[in-house]
Amino acid sequence: QVQLVESGGGLAQAGDSLRLSCSASGRTFSASVMGWFRQAPGKEREFVASISWSGGSTDYADSVNGRFIISRDNAKNTIYLQMNSLKLEDTAIYYCAAKPGWPIRRVNEYPYWGQGTQVTVSS
């Protein structure tokens, strides 16, 4: 099993930046692919970004592409999400997730999840 713990969520104004962190523990060899998802009230959980074990392959949802940057530090078993140029629409609970194998965007393909961290963007 893999345990994931997010941190870094909070309040921000539109146009500002925020950095999220996710630390993994347990059977981390099952977390070759890690990613970020988010869920706003009344909406389904959606893909934000993912990164391969080597960091050489990243993927971003169109809504965040060019604004968010995903990275990982395998020595620390940690991934990050640098969120720039925040918009009101970015307000959501952000979840860290992990899976073995190949990167994919589908929520139900990720067996390991953190508890989420709230990000609130105001004008």
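As a starting point, this report considers the structure included with it. (Residues numbered from 1 in each chain as written. Predicted model: local features only at pLDDT ≥ 70, side-chain atom pairs only at ≥ 80, totals over all residues. Heavy atoms only, no water.)

What follows is about the state of the cysteines. Two cysteines whose sulfur atoms are joined by a covalent bond form what is called a disulfide. With the rule as written, the count across this model stands at 1 disulfide. Across the disulfide from C22 sits C96; the S-S distance is 2.0 Å. Linking C22 and C96, the disulfide has an S-S dihedral of approximately -80° and is accordingly described as left-handed. A residue pair is termed long-range when its members are at least 10 positions apart, and C22 in strand β3 (residues 18-26) and C96 in strand β9 (residues 92-99) qualify at 74 residues. The buried category is assigned to C22, whose relative accessible area is 0%. (Disulfide = S-S within 2.5 Å. Helix = DSSP H or I, 4+ residues; strand = E, 2+ residues; numbered from the N terminus. Buried < 20%, exposed > 50% of the residue type's maximum accessible area, 1.4 Å probe, protein only.)

Turning to the pattern of salt bridges, a few remarks are in order. Within this structure, the stated rule accounts for 4 salt bridges. Here D90 and R67 are joined by a salt bridge, their closest N and O atoms 2.8 Å apart. With D90 in the loop between β8 (78-83) and β9 and R67 in the loop between β6 (58-60) and β7 (68-73), the pair connects residues that are 23 residues apart, well separated along the chain. Exposure class is identical for D90 and R67. Each is buried. Each of R38, E46, R67 and D90 takes part in a single network of salt bridges with overlapping partners. (Salt bridge = Lys/Arg side-chain N within 4 Å of Asp/Glu carboxyl O.)

Bringing the nonpolar core into the picture now. One recurring pattern in soluble globular proteins: nonpolar side chains tend to sit buried together. In terms of nonpolar packing, the biggest core is built from 35 residues, with L4, M34, W36, L81 and Y94 touching the most fellow members. Sorting the residues of this core by element identifies β1 (2-7), β3, β4 (33-39), β5 (46-51), β7, β8, β9 and β11 (117-122) as the ones contributing at least two each. For this core, the element with the highest residue contribution is β9, accounting for 5 residues. (Core = buried A, V, L, I, M, F, W, Y, C linked by side-chain atoms within 4.5 Å.)

The next subject is the side chain of R38. Position of R38 relative to the elements: it lies in strand β4. There is a polar contact of 2.9 Å between the side chain of R38 and the side chain of D90. In terms of polar contacts, R38 uses its side chain to reach the side chain of Y94, at 2.9 Å. Setting aside anything within four residues of it in sequence, one finds R38 in contact with E44, R45, E46, V48, S63, V64, F68, E89, D90, A92, I93 and Y94. (Polar contact = N/O pair within 3.5 Å; in protein donor to acceptor, adjacent residues only side chain to side chain. Contact = heavy atoms within 4.5 Å.)

Moving on, we get to the pairing of β7. Side chains of β7 alternate between two faces, with F68, I70 and R72 buried and I69, S71 and D73 left unburied. Strand direction decides the pairing type here: β7 and β8, joined by 6 bridges, are antiparallel. Across the sheet, R72 pairs through a bridge with I79, a residue of β8. Taking the residues that link successive antiparallel strands as the turn, the β7-β8 hairpin has 4 residues, and the phi of N77 there is positive, at about 50°. (Pairing = 2+ DSSP bridges.)

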